Every structure is written in structure tokens, then in C-alpha cells.
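# Inside the fold
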4 protein chains.
Amino acid sequence: LPIRDGRLKGRINESFSRINASIRFDKRLYREDIEGSIAYAKALFKNKVLDKEELEEIIDGLKNIEKEIEGGTFVFLEEDEDIHMNIERGLYEKIGETAYKLHTGRSRNEQIVLDERLFLIKTTEELKKTLLMLFKSIVRRAKENCETVIPSYTHFRQAQPVSLAHHFLAYHAALQRDMERFEDFLRRLKVMPLGSGAVAGSSIGIDREFLRKELGFEGVSGNSIDAVSTRDFIIEFEFICSAIMGTLSRIAEDLILFSSDEIGYIGIPDELATTSSLMPQKKNPDSLELIRGKTGRVFGNLISIMTVMKGIPYSYNRDLQEDKEGLFDTVDSTLAAIEVMKEVFSGLSVNKKRIKTVIEGSKDYLFATDLSDYLVKKGVFFRKAHRIIGSIVQYAIKEEKSLSQLTIEEYKEFDQNFEKDVYDVFNYTRSVNLHDVPGGTALRRIREEINRIEKQLR
Amino acid sequence: LPIRDGRLKGRINESFSRINASIRFDKRLYREDIEGSIAYAKALFKNKVLDKEELEEIIDGLKNIEKEIEGGTFVFLEEDEDIHMNIERGLYEKIGETAYKLHTGRSRNEQIVLDERLFLIKTTEELKKTLLMLFKSIVRRAKENCETVIPSYTHFRQAQPVSLAHHFLAYHAALQRDMERFEDFLRRLKVMPLGSGAVAGSSIGIDREFLRKELGFEGVSGNSIDAVSTRDFIIEFEFICSAIMGTLSRIAEDLILFSSDEIGYIGIPDELATTSSLMPQKKNPDSLELIRGKTGRVFGNLISIMTVMKGIPYSYNRDLQEDKEGLFDTVDSTLAAIEVMKEVFSGLSVNKKRIKTVIEGSKDYLFATDLSDYLVKKGVFFRKAHRIIGSIVQYAIKEEKSLSQLTIEEYKEFDQNFEKDVYDVFNYTRSVNLHDVPGGTALRRIREEINRIEKQLR
Amino acid sequence: LPIRDGRLKGRINESFSRINASIRFDKRLYREDIEGSIAYAKALFKNKVLDKEELEEIIDGLKNIEKEIEGGTFVFLEEDEDIHMNIERGLYEKIGETAYKLHTGRSRNEQIVLDERLFLIKTTEELKKTLLMLFKSIVRRAKENCETVIPSYTHFRQAQPVSLAHHFLAYHAALQRDMERFEDFLRRLKVMPLGSGAVAGSSIGIDREFLRKELGFEGVSGNSIDAVSTRDFIIEFEFICSAIMGTLSRIAEDLILFSSDEIGYIGIPDELATTSSLMPQKKNPDSLELIRGKTGRVFGNLISIMTVMKGIPYSYNRDLQEDKEGLFDTVDSTLAAIEVMKEVFSGLSVNKKRIKTVIEGSKDYLFATDLSDYLVKKGVFFRKAHRIIGSIVQYAIKEEKSLSQLTIEEYKEFDQNFEKDVYDVFNYTRSVNLHDVPGGTALRRIREEINRIEKQLR
Amino acid sequence: LPIRDGRLKGRINESFSRINASIRFDKRLYREDIEGSIAYAKALFKNKVLDKEELEEIIDGLKNIEKEIEGGTFVFLEEDEDIHMNIERGLYEKIGETAYKLHTGRSRNEQIVLDERLFLIKTTEELKKTLLMLFKSIVRRAKENCETVIPSYTHFRQAQPVSLAHHFLAYHAALQRDMERFEDFLRRLKVMPLGSGAVAGSSIGIDREFLRKELGFEGVSGNSIDAVSTRDFIIEFEFICSAIMGTLSRIAEDLILFSSDEIGYIGIPDELATTSSLMPQKKNPDSLELIRGKTGRVFGNLISIMTVMKGIPYSYNRDLQEDKEGLFDTVDSTLAAIEVMKEVFSGLSVNKKRIKTVIEGSKDYLFATDLSDYLVKKGVFFRKAHRIIGSIVQYAIKEEKSLSQLTIEEYKEFDQNFEKDVYDVFNYTRSVNLHDVPGGTALRRIREEINRIEKQLR
């Protein structure tokens, strides 16, 4: 029974119909829709709207539809608009008029948010699992490279020596917070909206607590108007995905730079690279570029749903249909980006030889802060020490010398506190181990941190 | 010949492959890709890379592929990554090794921007045509409603009487500027990039001027690095669509309000409305809500491509692949929104009876500015007149009287300049016609404006 | 000692200097900067970098600077770039060279994130307090209007009768989730970054646990590179503010509509309205429009910082300076919006008389769902009942009758199940109380919900 | 005369007042406001609302106010809300009640858009001038570096040799399109809105054509409702600034990379760099990072105003006040970014020696496409040639040889077409000059392009 026909005259306008129908994309929610309808049928039985036989007919019918959809034999019709009405029509074709009872006291306004919440619960769990796999790859790489010292970068200029492990663990630290955000989000997500009716709450006294248990939620929504009006659970989800993608875009940038012809600390495996259709020598890090690029669409989807919701009055408005395509795209893009990043960490090689060459070619400027610390320990006030070393570096550049090539006489001309032991400063392991605080790059601190994370990952 | 195989070892990683392949969406550009390849083959012939026979083979082959794609029989392979390589492979299957010559001196970097520019030229023309149809619907409605006086609104509060035609023409005025933006954009769009090679320019001296004419462009790009690096033509296009959607979202809001139970100036035809699955009395303006909602995704797509391009180095980077899905979505959403809005204007009814009731129920507050003008003409300084009328309105509200119900004595208590002729003020036609400047709501001005637009539309 | 002078030649370029200096806006963090420096000085004392006397000098100096800043007598210099260097210079002017020791082993990279985190802890608490005040205003209004029945709206069309209290509580339900988001965020925010150095961790073994306690944090950051690189705490904060503003924009829209000339359910107090400079009768809801408008800037600031962070390499980059102005603007805009919204709820009046008129003028369509329920209880299948009532409404519109004006004969023509008791349906209190589930609009459910919230608010 | 007082009771609410008043930021428009008021006074004189003496009083008064504002002696009051009312009050203090006539028939709704349009006309011209200066710096650098050959990059991997001039001219090509966008925009901007009244058009028959000439506009607005409702001129302006910033962010990225420790093609002058507060050796490209970072806020401001306008009904709504702060910020940020970028190009040094070292260290892979061309000229089909060279590169990497170090025997093992002349390929000047098409990197093409641009710049 097309629901239009009672109230409205004539057929739906064709141009309008094309944007009105959502079945093209919301059919992705078929499993959740059926799961919700089965639970609702059970509640209707508890409520005596359905008898035992009708309940079984409905459940059987719905399960058959699920199988048909999965087998690719179910026929979706655009004139049935959305996943809810397609399944209702399919059920009618299977079991006849009993199907017309299933929607008793239920509105699509509540049905769609139920489907979306069920979908997001599963999806969030999947994202968490994929993140975990990425974490394991990162930590494995970190473990292998505790003693690989690279220049750290600030302003994309070589700064101080750090362990490559420390650098990799920075990626984990950032993404770990997104994992926690997902946890927090799940608490808000697992609130069951069914029983809200179109807007005012169910008028047939449906047992919401029963539905909650049946569908595995942790709470029921406390206000029916809010329940059908809000999409903040979609916005929060898309925000967390945006946070992840923002971090992945920075990791991708790092790895593109680190694997470049000019830096070359790491190598991307061939199976994650492409070549050019014109330039046969090229080995391009497309996997990383695509991750970086996908950041754009995930940000865009967030803005999209925020814009949709801005300034529309309560309660449900049809604008809300625009929540789904962007959501699905964000799910797919974020999952793909995490997965590919995991492959990158699994497959990358660390060019220790190259790293050594680079670091030795750096003219010891990486030790400038250590030199400054040296002076401070000799009693020079920090700001003065900073200034003295700055001048020494300027001098060394002019003289085209590395810092360890300067003679003690040259040092003494800048400050009398310099002594022979200044040359002890130019030692990477020593330098790294100087940063010996929780969160610092000293080897024992990194090992502690790795142990802590590994425990957490188990 | 898979282009990977020479340079890279092993097969492509599976997760990466899923985001690497773009054929799923870029096949939409098949027509442009073939058009570009035919022109390029002709240029290769001019250049003696191809002989006459080879040229004909290639052109025939490409035309056959076009037919197969349109007939649904062409097989797209994900392992061939994109539309360019799929067509090249298809051509090889048809004509053998000659197909391997077609890419001589050409790069996918230039090929994709050629395809996109050709696609956007057609699409922009289609959008312009659709906008024109909307303009005609709006103007027709305006013409029918020159003498229908409604309250204008500022701050969504009734302000001054205006012609409904004047209100509708404001929509046209805004959208007309977007039409001009499309014109300006086309000038920048019609610049031919082919011959830019991968980045440094064609190395086989291809005749770019010949290609330009062949493909109907107005100029050729002046810098090969820029030609393959920029996506500003996509960004500008998406911006103009965003501007259109921003305006449509406001028109949609207006019409949702004007067709509401409480206002009811206009009626939405049944074929552009839906009902509720639970509440059988509902007639909902979903067509307008969906237009308003689609604004979100078009804005989101703009931000998406802007984010993609932000801060990536020159020249081509693979991030740029992310330009297409958002673009296609913007094209489809904007076209649909304009079309449906055109249907709305074609189908809407104006409830003149209802408008009259509302306006008569408004207690004449709509004439307050006219009353103030009345006092100014009697010599009261404007700011004082404004204040006096403000107090009179406050008084009338307290007394629960309309402004025309106040006695002349009551008026005189506020200001001695009031005389019997004050009651002439309370006349809608007079009021509207007072605003007799170019761009004002006086009937003769509106008619002039309609004439001007109608000439333009022809 | 200008830190440039050692390393770099010449003066800073003037154009660059204008964007380089951040003191114009980051001086807002002076209190946090001083708080952090005092704690750091104590740690330096523990570390024997400072002796007792030096420590006291520094603390006294810093406290004096704080007083001077608050008294407006401290001179900020643009050539000192930022709040950190301005205070360091101020300290030198007060206590001489001892000031040069304060920065020992500390970097501005860690200092700025410490300041920002301290600032956000305070700010988030202030926002929570302000939200609480808004909640109290909303609940007070709800309590007064439990029995005020208005039409609920879907698609901005009258839907079913609901209690105005229920409608107001939907606002609370949405904003309550943002309150929880702030709670979750605070856990992530209260992580102490000091001791991270420029990037590699403190090289002077500063006691980070001591600093944590001193500054009231809950944990210390686990990776120094991450600590100076991330701004996700700013992004998450701006996201939550965006979520709040998104909801406020909808509430504002509701109240603008509800207080309009045509609807008039509520009145905005004069002190929250403005009039027009030209139209003296106007009373405009500017307070609500500005709240709705400010949504734009808060969204914009979120996008701004997300864009800044996109695709920049690790670790600190100067781009990060762009995090502050948007953040401050978001803080101010959101606080102002919540405060003004609280004033609106405190001051608004509910026009019960007007509501009654509107609801009685609605031709009983609001009861259509109840009529459908009536038939279902008589045994009609839900979808059929829905269709029958749809047709009855269509008939009533054509006949220009309200639903309760139709005779029993007319009803029976549509379905034989109708009996005399159908007229019992047309009763607002009965209708509202039918929706008797948790979260529904039945009066006892609303009262329960108000009790629950009031307990929570205490 | 506070305009509130007639119509509204009581004082304005304090919280509301803080967001209601815009004088804090809109005072930046004082010059335009006064310019507009002088023109309006003249029109009122033409219209006989003012006599000669009054006109002179008003003009004198306004000019005095302008001087006072510029001298810093004018007192802005927050209770006068905005720039319009502050100046009106100032005028009253100077010339008494005549001031009350100036607003006759004029609304702040039209006044603000007049001010904004006048402001943007000047600002756009200033931006164009600044862009021109940047163009000159770029072209100067290009001219000096026609024969400096660097690797071009795709996917941030070395691609083919190009002239550094060609690379720099790509920046000009992109920004030149934004210059054209400004031109197109100015046509739409120079439309005079005054005479639109609050919404319905002037009711005192003001001479709009006279105002247009007086204020230097090219046309008058054709619909009063549109004139006060639209902000598309602000949105378009912010879009063009976003396009500029997007391009500048990429140039900044390029230059940060090119000036890095590892690449070093260019040097940033000390006066555009900073050092670290902790690491005394650092010379950081903060000027470029800040340009890149400012992209975020300019994008954010665009989204902000687009969000503000989304879905608000016609005509003027107070939300529109939120257009100004973002606009001003975009103006300042974009101007500063262009200026600093101009300084960068003026001051940067090109390290030709370093470039030579890099390019010679690149193992001749940059010539791979030329090698492929070599084979094609010998009759090998393009796709096959591509594959052969790919294999040769793979082989050379394994053997750790450069391409020119491979013997002719080794070449012949891959393809018999190789002959002794293959070694002619390894020549940078020859390679660059092979790309001899319009827009290509051949030296004569670049020189032609420089000539063309220089003519245009004159």
C-alpha cells in the first residue's frame, strides 16, 4: 500500500522522485532494519498486537528477505522510496496482509535512527579493531628501531637527535586518543530510540526496556522529540574519523618525505607504490598520497552534515536524509585509510645506512642544544649560552666547518668556559639518552613506553 | 601491458588496490577520454608518429569502445585502474599493438585534466540551461502576482507591504549573478592542457594549436607544470554551485515557511509533497527540505577539494584523484536541486484569499513606516517621527487596536501634525506604489523589471 | 636578549614581523604562562638550577608582572613576539640576569601547549557552569508548561499534540550530551606536556611528576614529539562548541518561528529585542538571530584549525600559531551564545491564549494519528487504517470541515468500524497522555523526566 | 535619540548588548559610512528634504567626525550599537537636530551593504596591486634562473629536468587566474544598493542614478529585497582569497621543502627566518609556515559566512552581522600572506652549486623518459619502450649504477635498438629543450612566456 495514496493526489513528480528515493544508498542498512523489525515484532506480540502465529510469519518473512538481499535476488523498487518501505512491501509479497501490522504505532522517523545507531555500533567496533592492527604494526616497527637515531624535525628543519622508535610512537600516541574518543562515543551511541513514534512517543505503550535488551543497547532515549531530531551521534562519529584522518594525513606527509629521493630514511614496498604512465623510472608513494588526499573528503562530509543540521527547526525534517551518503563515505574512506596505513607500516623498510650518512652529513648542528646545555652546566646563564652557540653556528657555516671540526681555540674565542671535554658532546647515543624523562627519547624511556603499550594492546 | 610491471616488483597490495583504482567512478568520463584520444591520435598522425592506416584503426577502435560502453557490453577491469588504461587495454584487444602508440609522449597527468575540462564545459552549459528554465518559471509566477501584496519580512517579522512578484524577482536577481559567474568561469575553463606531458611539456612537439581547435577550446595553457598541478577550475566550479545552493536553501526556507499551516501564502502541489508513514494527515514539503539539505553536501564537497589541495607541493600528486567523486556529486546535487526548484515554481499555487486574510489581520503595523513618512512630510524630523510612531504602535498593542482603529484624537495626543488624511495611509496599493525607485516595489517598477528580464531570457 | 641575534643576521623583515608576532592575541594567556613559569621555577629549584634566593626573586618578579598586566601598566612589545618572551623580558627588567635562567631546558614549543591546556581547563569549567544555568532556565520553563499543549512539528508542519514542556526538554536532552562530551574531553585535556623540551624531552631531568601535581593535571604526556605536535585538544574543544552551537542554532530557529507574528506561541522580552532604524513598529528577535548566526563562525573556526593541521609534517611547525585566534573566538562566541540563550529562557513569556486559538484553528488534523489508532484498536490493519484516515483528511479539506465536524455517517462511509465514540478522540489532554512510554509526552512521563533532571542539576 | 525607546520598553539586556553591538569591529567602515552619508545628504538636498544650509552643515559635520576618528578623539559608544548610529549621534552633538534628517527614508539594512561594497572595492584594488608586486618578484627570479635546471617533481619524487624559471612561472600562472577572478568580481561588486530602503525600496523617490555617479559605481541594484538580503559579494570575495591562499599554501610548501637541510635548492634570507628558543642552530622558515597556516583561517572564514547564510529566510536577518569580522580577517590575512610571499621572492637566494650536486647525484633517472623517447624514435612502440626502460632502471638500482654508467652491452641486453648515441641523452640542457611546445620547459618557450608576462605587467 503506497502510503501516499490516501492523503495525496496523483503520482509523485519525476524530478522530485529522483531525490526523494533513498533506496539507492540506504539499502546498505538492510540488516539493521530487519534486526530492528524483528525486535519490534516481538514487542508487538508482547503487546498483543500480533499473535504467536503472526509473529512467526513476520520473523520468517523478514529472515527470508535478508537472505534474498544477501543472495542478490531481492528486488528493490525506487517507488518504495527507502529501505523500510521496500522491506515492508517485500514482506507483504511474502506473507500478505499481516505485513501491514508490523508498522503499528511505529514511524520511519524512529526507525531510521535505530538503523543508523545499530550500523554505527558495528562500524565503530570494526574501526577500533582496524586501529588496533595499525597500532601493532607501528609498535613492531618502533621495537625494531629503538637504536636507530634520526634527526627530529621542527619547522621541517633538523632539530635534535631522536630515536626513530620515539618518532613512530608519537603516531601511536595521537591515534590512541582517537581510540578513547570512540569509547566515549559508544556510550552516547548505545541509546535506543525505538518507541519514540513520529515525535511524541509511542501511543501503544510499547515495552521500550524489552526492545533495549533485545537489541543490545545500554539505555533508552529520554525524550522522543530529541530522539527523532538529533543527528549528533553521526556528527560525533564523523568528527572522530576526521581527527583520525587529520593525524593520518600528517603521518602520510612524514612518510612521503622520509621516503623521498632526497631523504630516503625509509623505503615504501613496491606493492604499495605505482609508477608513471610516462616516466618509467618513477616509483611513487600513491598509497600515502591517497591517504592524505582522503582527509579532504572526510573533513568535507563532517562539514556537510553540520551544515545540513544548522538552523533547521525541531523536530524531524527531511533534510536529515542527507546524513547517510556522507556517513557511508566517511566509514569507507577512514577504514581504507587505516588499513592501507597498516600495510605501509607492515611493509616499509628502514634504511639504516642512509640514515647514518644523512646524520653524519649534518655538520653536527643537531648537537647545538647539547652544546648549549654544556655551557649551562659550566655556569653560563641559559639565555647567554643559547646566544653564544647561535654565534658559533653562524661562524661554522661561514667557515664551512662542522661543529666538531672547530678547534678548542675557536670555541674559546666565543666563551672561556669551553674545555677539551666539549668534544664528548658529539655522540648520538649520549645525546639521545640525555633526554631522560618520562616521554623523552632516552632509550630506557622508550623501552618502558613500548612495554606499557604492548601490555595495553594485549 | 600493465605499466607497473617494468619498474615494480610483485603485484599491487590488495588494500591499496581498492583505493588506487578509480575506474569505479572515473568511467563517467569515458566520452571525454575518447574524444581527447581521437584528437590526440590525429595530432600524432600530423606528427608522423602514426600513419594514415594506424590513425583510422585507432579512431575506429575508440568509436567502437564508446559504443560498447554505451551499450553496456564493455568490460571495465579494476586492475586497469582508471578510465585511461581501461580504454587503452580495450583498444589493444581490438586493434593489437598499434594501440601501444596512442600514449606516445602523453601522460595521464594531462589526460585527466583534459577529460575533466571537457566534462565541465558540457556540464556548465547544462546547468546554465536548467537555471534558465528555473528563471522562466519564476518570472511567470512573478508576472501573475504583480498585484498580490504580501508582507515583506525582515528578521522574519512583517515589515512593509511588497508585491509577491517583487519578492519572487529577488530570487531571480540572486541566481542571475551565479549565471554570470558561470560565464566568467567558462573563459578560464576553456584552456586546453594537452601537450603538457607529465609535467615538463610534450617532448614530441605535438601541435597544441591543432589540438585546441580540434577540441573546441579557446586557448592553450601557458605553463605545463601549472597545467597538471592545478585543480582551481574544479574548485571554482564547486564554489559557484555552492553559491547557487546557498541561495536555493534560502528560497526553500522561504517557501517552506510560506506554505506552512500558519502562514499559507502558497501551496505546494501534491506531486511535490509526501505524507507521513505514521501521521495520515501530513502533507510535507519534502522537495523543498531536500533542496535545503543538499546545500550541505555541496558545501562539503567544496571544502573537501580545498582541503585536498591545501599545502601539497607542486606538481601533480596522487591526492588529486580525490577531486572527482565530490565533483560528480556536486554536479548531480546541484542539477537536481535546480530542476526540483523549477518544478516547485511551475506547480505552486498562490492563495490570494489567505494572503488577504493575513494581511488584514496584521493590525496595520505594516503601515508604520508610511505613517512615519506621513509625519516627515508634515515637517517632523525623521528620527523624531520614527520615535513617535514607535510609541503609537506600543500604545496600539496595549489597547489591542489596529492602527487604523485609533481615533484622530488618539493620534493627535502623540503629535499635533496628524490630521484626518492620516487614514489615507492604510492602503496597500498606495503603499506599494510609494516605493517608486528603480529596484523598488512600485508596480510600474516591477513591470519594467519583468520586461527587462524577459528580454534577457529570450 | 633577543633570541634571534646569535644565529641570524640583521633585523626581522617588517612585513614578516607583523604576522610573526603573536603578542597581540596570545597575551590573553598571561595568567597561565606565569602559573606555568612559577611551577617550572620550583622544579628548577628542586633540580638545583636555581637556588632558594633566585627562586624567590623569580616568583616575586612573575607575580609583580601579573599584577602589572592586570593593572594595565605592563608594556607589551611586539618585537618580543609572544607572551613568553614578553614576560621573560619583563622579568629581566625586574630582577636582572637571573631571569635568563628561567628558560633553562625549556622550549616555547612545550610552553605554549601548557598555557593552552591550562586555559582550556578553566574555560571548559566556565562553559559547563554556563550550560548548567541554561539548563535550569529551560527546566523552569518546562515545569511551568507541562499542561500547555502545542502542536509538535515535523517538516515544519503540525504533527501531533505535545506538551510544551516536552518540547523544551528536547533542548535539554541534546545539550546534556555536549555536557558529557566536555567531561570526556577534560580527561584527555588534563595531561601535562611540560618536560617535553623542544621535541625530544627535557635534557635536564626535570621532575615531571612534581610539575603535574603543582599544576593540577591528572597525567603527564607519554611522548614528547606528540606533546609538542598535536593540537587535537583544541580541535576536540572546538568540535564540542560546534556541536553546542549547532543545537543552539536549531533552538534559536524554533524560538524565532514560535515568536513570529503568525505563530506567536511565545514572546521575547523587549530587552532581548531591537527595533528597526526605519520601520518603527518592528520588534525583532536579534538576540536569537545572532545566536543562530554565530554558529557560522564557530563552525568556521573548527574548519580553520583542521585545515591548518592537515598534511603538515611532524613535529612542531609554525603554522600552529594559527590555533589561538580561532580558539579564543570560539570560546567567546559560544559562551556569549549560551548566556544569551539563558537570558531568553529566563525572559520569554508563553502566550497560552494564543496557543489555544491556534490549536483550535487547526481543524483537528493533529488528531489524525489518534483516529488511525482508533481504527487499529477496532481491528483494522495499521497500513489500511493509515490510508483510510488519509482519505478522510483529504475529504475534510475539500469540504472545509474540521475532523470533529464530520458526521458519524460521513465517517462510516469511509469505514464501517467507526462508531459514536470516535468523537472522544478529539481531546488534547487525552491525546498527549496516550503517548505513555519512557520518553513520551504523557504528563506523568514528563514530570518523571523533570524530577530526574532536577536531581541531576542539584 | 536611541531608536529603541519609542517602540521597546526598558533597557537592553546586558548579555545581549555585548553581542548586539558591532561598533567594536564595524568602526573600520567609518570612512565608507561617511562617504555614503555625504552622497545621501546631497541626494536629500536634490530631493528638497534638506536645504542648502542643512546640507552644508551635515557635510561639514561628517567631515569633522572623520577627522576626529582619524585623530583618535572621536568617542565610540557601545550603546550606539554600530558605526551608523555612532556617527549619527556624533553628528547630532555637532549640529543638533538637523542630524535627525539625514536618515530620512534610509535604512541601516541598505547602509551597511553600501559601506561593505565601498570597502571591498578599495580592498580588492589593494589586493590586486599587492599581487602585481608579487608577480614582479616572481618574474624577476624566473628571469635570473632560466638556465638553472632542477628536477621537477611529481608525487614529490624527481621526475624530469625543468628550468627553475619554468617552475616559478607555474606559480604566476595560477595566481594570474585569481587576478582575473578579482576583475570579474569587481563587475558584480560595483552595483550600488542605496535606495533600497529597509526592504521595499526608497519611499521618498531618492535619485539612485545620482547616488551611483556620486559614489563611483557602475550600476544600481535591480531589486531592493535582494539588495539588502544578499551577501554573495562577500562570499565571492572570500572565495577568491581562499583560492589565492590555497595556491600560496602550495608555494609555501614547495619553498619550505626546497630550502630544507636535505634539498637546499634555495635559501631563505635571515630576515624572513626565526631561530628556536631552545635550539640555537635552528633557522626556521616561519614566514612560509605562517603563510601556509593562514590558509586555514581564510578557508574557515569562507565556511563561516556560507554557514551563516545557509537556510535563513528572506530578507535581512540579524545573522548577517556575522559577515564582518571574518571578512576583515580574510582581508588582513590574505594581504599579509601575499606581501610576505613577495618579500620571500625578493629575498631568496638560489643555490646553483647545490642544485648541480643534487642533480648529478640523481643517477640519471631524470633522463628515463628521454631514454624511452629515444627508443620510440628507433621504432619501438611507446608502451613497450616504457616497459623496457622501467626494467633498466630496476636493474641499475640493483647494480647501484647510474644510467649513464651502464655499458652499451648492458643496454643491448634489454633491447637491440640501443646504439652508442644513447649516451647523448644524458644532457640536461638538451633534455629541457626537447620539451619544445607552448607551455613547455624549453628555454626559448620560457623566454617567450616571460616576455609575454612582462608586457602584461607593464
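Residues numbered from 1 in each chain as written. Chains lettered and ligands numbered in written order. Predicted model: local features only at pLDDT ≥ 70, side-chain atom pairs only at ≥ 80, totals over all residues. Heavy atoms only, no water.

Further remarks concern the pattern of salt bridges. Residue and element names in this part refer to chain D. Counted according to the given criterion, the structure contains 214 salt bridges over all chains. Between Lys101 and Glu54 there is a salt bridge, and its shortest N-O distance comes to 2.9 Å. Taken together, the positions of Lys101 in the loop between α6 (83-95) and α7 (108-144) and Glu54 in helix α5 (residues 52-71) put the pair 47 residues apart, joining distant regions of the chain. Accessibility assignment for this pair places Lys101 and Glu54 in one class, buried. Here Glu410 and Lys401 are joined by a salt bridge, their closest N and O atoms 3.3 Å apart. (Salt bridge = Lys/Arg side-chain N within 4 Å of Asp/Glu carboxyl O. Helix = DSSP H or I, 4+ residues; strand = E, 2+ residues; numbered from the N terminus. Buried < 20%, exposed > 50% of the residue type's maximum accessible area, 1.4 Å probe, protein only.)

What follows concerns the relation of the copies chain C and chain A. It takes a turn of 180 degrees to lay chain C on chain A, together with a shift of 0.0 Å along the axis; the resulting RMSD is 0.1 Å. Both chain copies can therefore be described as sitting about a two-fold axis. Distance from the rotation axis, computed per C-alpha, reaches its smallest value in chain C at Asp184(C): 3.3 Å. A high fraction, 100%, of the interface residues of chain C reappear at the interface in chain A, so the copies pair face to face through one surface. (Least-squares fit on C-alpha atoms with pLDDT ≥ 70 in both. Contact = heavy atoms within 4.5 Å.)

Further remarks concern the interface of chain D and chain B. Accessible area lost on assembly of the parts is the figure often given for the size of an interface. With 109 residues of chain D at the interface, the matching set in chain B holds 109 residues. Between chain D and chain B, roughly 9,400 Å² of surface is buried when both sides are summed, and carbon and sulfur atoms account for 58% of that area. When the area that chain D buries against chain B is broken down by residue, the three leading residues are Arg250(D), Tyr314(D) and Arg383(D), summing to 10%. On inspection of chain D and its partner chain B, the count reaches 16 salt bridges. Between Asp232(B) and Arg177(D) there is a salt bridge, and its shortest N-O distance comes to 2.7 Å. Broken down by element, the residue count for the side of chain D that touches chain B peaks at 13 residues, all from helix α8 (residues 164-189) of chain D. Classifying every residue of the side of chain D that touches chain B gives 42 nonpolar, 39 polar and 28 charged. (Buried area = accessible area lost by both parts, 1.4 Å probe. Nonpolar A, V, L, I, M, F, W, Y, C, P; charged D, E, K, R; others polar.)

Let's shift gears to the interface of chain C and chain A. In this assembly, 109 residues from chain C lie in contact with 109 residues from chain A. For the chain C and chain A pair, buried surface summed over both sides reaches about 9,400 Å², with 58% attributable to carbon and sulfur atoms. If you sort the residues of chain C by the area they bury against chain A, Arg250(C), Tyr314(C) and Arg383(C) come out on top, with a joint share of 10%. Notably, a salt bridge pairs Asp184(C) with Arg187(A), separated by 3.2 Å at the nearest N-O pair. The interface formed by chain C and chain A contains 55 residue pairs in polar contact (both at pLDDT 80 or more). Its residues placed into classes, the side of chain C that touches chain A shows 42 nonpolar, 39 polar and 28 charged. (Polar contact = N/O pair within 3.5 Å; in protein donor to acceptor, adjacent residues only side chain to side chain.)

Take a negative patch on the surface next. A cluster of acidic side chains, namely Asp51(B), Glu53(B), Glu56(B), Glu57(B) and Asp60(B), defines a negative patch on the protein surface. Topologically, Glu56(B) is positioned in helix α5 (residues 52-71). (Patch = residues over 30% accessible without salt bridge, like charges linked within 9 Å, V, L, I, M, F, W, Y side chains within 5 Å. Areas by Shrake-Rupley, 256 points an atom, 1.4 Å probe, with all protein chains shown as cover. Lys, Arg positive; Asp, Glu negative; His and termini not counted. Charge placed at Lys NZ, Arg CZ, Asp CG, Glu CD.)

This paragraph deals with helix α12 (residues 286-309) of chain B. Residue and element names in this part refer to chain B. Between its terminal C-alpha atoms α12 stretches 35 Å, which fits the 34 Å expected from 24 residues at 1.5 Å a residue. Of all 24 residues making up α12, 24 are buried, and the element is well covered by its neighbours. The first or second residue beyond α12 is Gly311, which carries a positive phi of 70 degrees. (Expected span 1.5 Å × (residues − 1).)

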